[in-house]
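What the coordinates show
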Amino acid sequence: MTTYRDFALAHRGSARATVLRTVGTRERRSHLTAPRVPTVGIDIGGTKVMAGVVDADGNILEKLRTETPDKSKSPKVVEDTITELVLDLSDRHDVHAVGIGAAGWVDADRSTILFAPHLAWRNEPLRDALQARLAVPVMVDNDANTAAWAEWRFGAGRGEDHLVMITLGTGIGGAILEDGQVKRGKYGVAGEFGHMQVVPGGHRCACGNRGCWEQYSSGNALVREARELATADSPVAYNIIERVGGNIPEITGPLITELAREGDAMCVELLQDIGQWLGVGIANLAAALDPSCFVIGGGVSAADDLLIAPARDAFRRHLTGRGYRPEARIAKAQLGPEAGMVGAADLARLVARRFRRANRRRVERYERYAKAAEAVRRTGTTRTTQGSD
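Parameters and conventions
- Residues numbered from 1 in each chain as written.
- Predicted model: local features only at pLDDT ≥ 70, side-chain atom pairs only at ≥ 80, totals over all residues.
- Heavy atoms only, no water.
- UniProt positions renumbered as here; feature names shortened; annotations may be inferred.
- Phe/Tyr/Trp six-rings, centres within 6.5 Å; stacked < 30°, edge-to-face > 60°.
- Helix = DSSP H or I, 4+ residues; strand = E, 2+ residues; numbered from the N terminus.
- Buried < 20%, exposed > 50% of the residue type's maximum accessible area, 1.4 Å probe, protein only.
- Core = buried A, V, L, I, M, F, W, Y, C linked by side-chain atoms within 4.5 Å.
- Contact = heavy atoms within 4.5 Å.
- Axes fitted to C-alpha atoms, helices over the stretch in contact; angles between N-to-C directions.
- Parallel < 35°, antiparallel > 145°, perpendicular 65-115°, else oblique.
- Left-handed = near helix turned anticlockwise from the far one by under 90°.
- Nonpolar A, V, L, I, M, F, W, Y, C, P; charged D, E, K, R; others polar.
- Pairing = 2+ DSSP bridges.
- Right-handed = clockwise from strand over helix to strand, strands pointing away.
- Salt bridge = Lys/Arg side-chain N within 4 Å of Asp/Glu carboxyl O.

You'll find the protein chain entered in an unreviewed UniProt entry as Glucokinase, with Streptomyces violascens given as the organism. One UniProt comment on the protein chain, placed under Sequence similarities (unreviewed entry), says "Belongs to the ROK (NagC/XylR) family."

Quick look at the structure:
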């Protein structure tokens, strides 16, 4: 039996010609009628590339993971990695589209990576480069946008019409969903909340400015504070110094969270500080955007209420008009580290609809031509047989 993938590979050129260049603006309406077919979602971060086949209900059918190529390597090396993962999964699944969530700025057409801090992508036409190598359409978006979409569709944001996602990892990322549509801004780079300046003249940020929010409420901020206390040989840091055998560079965010759960006073306090700064930033976003729900994701959110509880308290203290306005709900993300991958796959399903329709028409045309050719061949054979008599 000929599968969709077999036919697509055999007609690579015509398949690429029908790729939908942009997803319709009414994403809420579109996802309800999107084809219920398996798609591949890919999440590209600073340390790992995760790829998975996801069904229409957000279930991960298979997942692969590999290390992210070094920042110094050429964009083609990253494209090779993505291609290998997609083809590997395609050997076992009938893949209809590929969605990519990338840690970087993606243009409004979702085709070009404008800038990626952890990769050698600078105005890189990633979508077109991958479509030239794969037989299915490709959709590219920011990883926070894809994570927010996944939480809205399948996780903590279900039922919310105005949602803001905050992703706490090495830095702070974010996304805005309104009426079931991701708000990407005029140039595609909305949601870079981590670079709001909250402390004038504060800590220097990698972006070049000072006092950015992510310098006070992120994985980097958490680790920086712990290492500074350990370097100063502070009595409150003796426990964590002993845990890493005096090797301070081995202090990590997950270790701080683990010790905080065990009751280490310094680690608990550090997470409270991070949570309080998180609440301040959320209050600022509430003043600007007035969402009904904030979803907190990313690796640092694994600290649960050690982080979320102080964030809620600080949010209530700093909220403009507190006591006289409805308060947004603050919830921890439910889909964990797979959210970006699941969301990318689900957004890619919107692209797959047009591709499937065009492909079905090509298949029908191909079958008609095949039948006509067979009829001509049989007629010719019959006449040859009669002539020989």
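Here we take up the packing of aromatic side chains. Within the structure shown, the criterion is met by 4 aromatic pairs. Seen from their ring centres, Trp149 and Trp152 are 5.0 Å apart, and the 55° between their planes marks the pair as tilted. Remark: Trp152 and Trp149 occur in helix α6 (residues 143-154); sequence separation between them is 3 residues, near one turn of the helix. Pair check on accessibility: Trp149 and Trp152 agree, each one buried.

Before going further, it helps to examine the nonpolar core. Ranked by size, the top nonpolar core spans 42 residues in total, and within it Ile166, Ile240, Leu278, Phe294 and Phe315 carry the most contacts. Counting residues per element, the ones that place at least two in this core are β9 (162-168), β10 (172-178), α7 (219-231), α8 (238-243), α9 (253-261), α10 (265-289), β12 (293-297) and α11 (305-318). In terms of residue count, α10 provides more of this core than any other element does, 10 residues in total. Here Phe294 is in contact with Val164, Ile166, Ile282, Leu285, Ala286, Phe315, Ala328, Arg329, Ile330 and Ala331, once residues within four sequence places are set aside. Val78, Ile113, Val136 and Val140 belong to the second-largest nonpolar core, a separate cluster that totals 27 residues.

To continue, consider the packing of α7 against α10. The angle between the axes and the distance between the axes are what describe a pair of packed helices. Axis separation between α7 and α10 bottoms out at 10 Å; the angle between their running directions is 140°. The orientation of α7 with respect to α10, classified from their angle, is oblique. Crossing geometry of α7 relative to α10 is assigned as right-handed. Here Ala221, Leu222, Glu225, Ala226 and Leu229 of α7 lie close against α10, whose contacting residues are Met266, Leu270, Leu271 and Ile274. For the contact of α7 with α10, a count of residues per class yields 8 nonpolar, no polar and 1 charged.

The next subject is the environment of Ala348. Position of Ala348 among the secondary structure elements: in helix α12 (residues 339-388). The buried category is assigned to Ala348, whose relative accessible area is 0%. The sequence separation of Ala348 and Gly99 amounts to 249 residues, and the corresponding C-alpha distance is 4.7 Å. Excluding residues within four positions of it along the chain, Ala348 makes contact with Thr39, Ala97, Val98, Gly99 and Met139.

Below, the discussion takes up the pairing of β12. Of all 5 residues in β12, 5 are buried; the element is thus mostly enclosed. Neither face of β12 is left uncovered, since the one carrying Cys293, Val295 and Gly297 and the one carrying Phe294 and Ile296 both have all their residues buried. Relative to strand β13 (residues 329-332), β12 runs parallel, the two sharing 4 bridges. Residue pairing in the sheet places Ile296 in a bridge with Lys332 of β13. Once you follow β12 into α11 and on to β13, the crossover reads as right-handed.

Let us now look at the sheet that holds strand β6 (residues 113-115). Working definition: the strands of a sheet are paired by backbone hydrogen bonds and lie parallel or antiparallel to each other. A sheet is described by the order of its strands in space; here 3 strands give the open sequence β5-β6-β7, paired in antiparallel fashion. Sheet topology places β5 (105-106) and β7 (122-124) at the edges, where each strand pairs with a single neighbour.

A few words on the sheet that holds β12. Spatially, β11-β10-β9-β12-β13 is the arrangement adopted by the 5 strands of the open sheet, whose pairing is mixed. For this open sheet the edge positions go to β11 (181-182) and β13, each flanked by a neighbour on one side alone. On the sheet, α11 packs against β9, β12 and β13 and is oriented at approximately 165° with respect to β13.

For the coordinates displayed, the defined rule picks out 20 salt bridges. When the shortest N-O distance is used, the salt bridge between Arg133 and Asp80 registers 2.7 Å. You can see Arg133 sitting in the loop between α5 (126-131) and β8 (138-142) and its partner Asp80 sitting in helix α4 (residues 75-90), a full 53 residues away along the chain. The closest approach of N and O atoms between Lys332 and Asp304, which form a salt bridge, is 2.6 Å. A residue pair is termed long-range when its members are at least 10 positions apart, and Lys332 in strand β13 and Asp304 in the loop between β12 and α11 qualify at 28 residues. What makes Lys332 partly exposed here is its relative accessible area of 33%. A cluster of three or more residues bridged by salt bridges with shared partners is formed by Glu62, Asp88 and Arg92.

So, about the pairing of strand β1 (residues 39-44). Of all the 6 residues making up β1, 6 are buried; the element is thus mostly covered by neighbouring parts of the structure. On β1, burial covers both faces: Thr39, Gly41 and Asp43 on one face and Val40, Ile42 and Ile44 on the other are all buried. As defined by bridge partners, β1 adjoins strand β2 (residues 48-54) across 6 bridges and the pair is classed as antiparallel. Paired with Gly41 across the strands is Gly52, a residue of β2. Remark: 3 residues form the turn of the hairpin made by β1 and β2, two consecutive strands paired antiparallel. Across 5 bridges, the pairing between β1 and strand β4 (residues 98-102) is parallel. Opposite Asp43, over in β4, you have Gly101 as the bridge partner.

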